[in-house]
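Observations on the model geometry
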Amino acid sequence: MFLLLLSFVGFGNYGHVTSHDVGVCHNGWTRYNDSCYFINLDQAMSFMDAENFCQQYNARLIHVETSAENQFIVDMLHRDQAGSCWVGLNDMDKEGKWLWYGTQTAPQFTYWWPHEPHGGDGEDCAVYYARHTNYNWDDYSCSHHFHPLCEFIPETVDVIG
């Protein structure tokens, strides 16, 4: 009887950790897994201006981690009939060494158009390029103007109980 009562009041669940979202996507943003995404279709801007635009929302230019996430983004770009959009990837520090802006980590996944990035000075930032049928990535001058594609990661908290 005593064991049954302890089970009933939840004593056996102490020490179990679960994560819960405490944040939600901003209005007008689209959720996929643990991130929220937004394309500013109203304004094209340089890479750094796009990054600064995203930071106004506690976001960043998108860091694509998986093929599944990339397919979600490509589908969203097609659905919204978006033009070319910045990806948060660049080789500004060292030609040919592509890193995510802000974290300086190398990508585990890429979606380059064949023969891209083709290198050369002045093409140091990556874009989802609208002229490629499936929005494959292309490298462009960071001063060129494309739409910001922002990623926001809502906070989670661990709950013990």
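Read on for an overview of the structure. (Residues numbered from 1 in each chain as written. Predicted model: local features only at pLDDT ≥ 70, side-chain atom pairs only at ≥ 80, totals over all residues. Heavy atoms only, no water.)

Here's the deal with the pattern of salt bridges
A complete count under the given rule lists two salt bridges for this structure. Between Arg 60 and Glu 151 there is a salt bridge whose closest N-O contact spans 3.5 Å. Pair noted here: Arg 60 is in strand S4 (residues 60-61) and Glu 151 is in strand S9 (residues 149-152), with a separation of 91 residues, a long-range link. The exposure class assigned to Glu 151 is buried, which follows from its relative accessible area of 4%. A salt bridge links Asp 80 to Arg 79, with the nearest nitrogen and oxygen atoms 2.9 Å apart. Of the residues examined, Asp 80 reaches a relative accessible area of 29% and is grouped as partly exposed. (Salt bridge = Lys/Arg side-chain N within 4 Å of Asp/Glu carboxyl O. Helix = DSSP H or I, 4+ residues; strand = E, 2+ residues; numbered from the N terminus. Buried < 20%, exposed > 50% of the residue type's maximum accessible area, 1.4 Å probe, protein only.)

A look at helix H2 (residues 47-55)
Among the residues of H2, Phe 47, Ala 50, Glu 51, Phe 53 and Cys 54 are the ones counted as buried. Buried residues along H2 cover an arc of 155° about the axis, so they all sit on one side. Of the surrounding secondary structure, the elements contacted by the buried residues of H2 are strand S3 (35-39), S4, strand S5 (85-90), strand S7 (125-128) and S9. (Arc of directions from axis to C-beta. Contact = heavy atoms within 4.5 Å.)

Let's talk about the sheet that holds strand S2 (residues 30-32)
With respect to topology, four strands assemble into an open sheet ordered S2-S3-S9-S4, the strand pairing being antiparallel. Two strands close off the open sheet at either side, each with one partner strand: S2 and S4. Packing against the sheet, helix H3 (residues 67-79) makes contact with S2, S3 and S9, and its axis sits at approximately 155° to S2. (Pairing = 2+ DSSP bridges. Axes fitted to C-alpha atoms, helices over the stretch in contact; angles between N-to-C directions.)

Description of the sheet that holds strand S6 (residues 99-100)
Taking strand neighbours across the sheet as the criterion, the four strands line up as S6-S5-S7-S8 in an open arrangement whose pairing is antiparallel. The open sheet has two edge strands, S6 and strand S8 (137-140), and neither has a second partner. In the sheet, S5 pairs with S7 via three bridges, with the strands oriented antiparallel. Looking at the pairing, Asn 90 lines up with Cys 125 of S7. Sitting on the sheet, H2 touches S5 and S7, and the angle it makes with S5 is about 100°. Sheet contacts for H3: S5, S7 and S8; angle to S7, the most-contacted strand, approximately 60°.

Some details on the state of the cysteines
On inspection of all chains with the given rule, the structure shows three disulfides. The partner cysteine of Cys 125 in its disulfide is Cys 142, sulfur to sulfur 1.9 Å. Because the sign of the S-S torsion sets the handedness, a value of about 90° for the bond joining Cys 125 and Cys 142 places this disulfide among the right-handed ones. Taken together, the positions of Cys 125 in strand S7 and Cys 142 in the loop between S8 and S9 put the pair 17 residues apart, joining distant regions of the chain. We note that Cys 125, like Cys 142, is buried. When the cysteines of the chain that form disulfides are numbered from the N-terminus onward, they connect as 1-2, 3-6, 4-5. For Cys 85, which is in no disulfide, the shortest distance to another cysteine sulfur is to Cys 150 and amounts to 9.6 Å. (Disulfide = S-S within 2.5 Å.)

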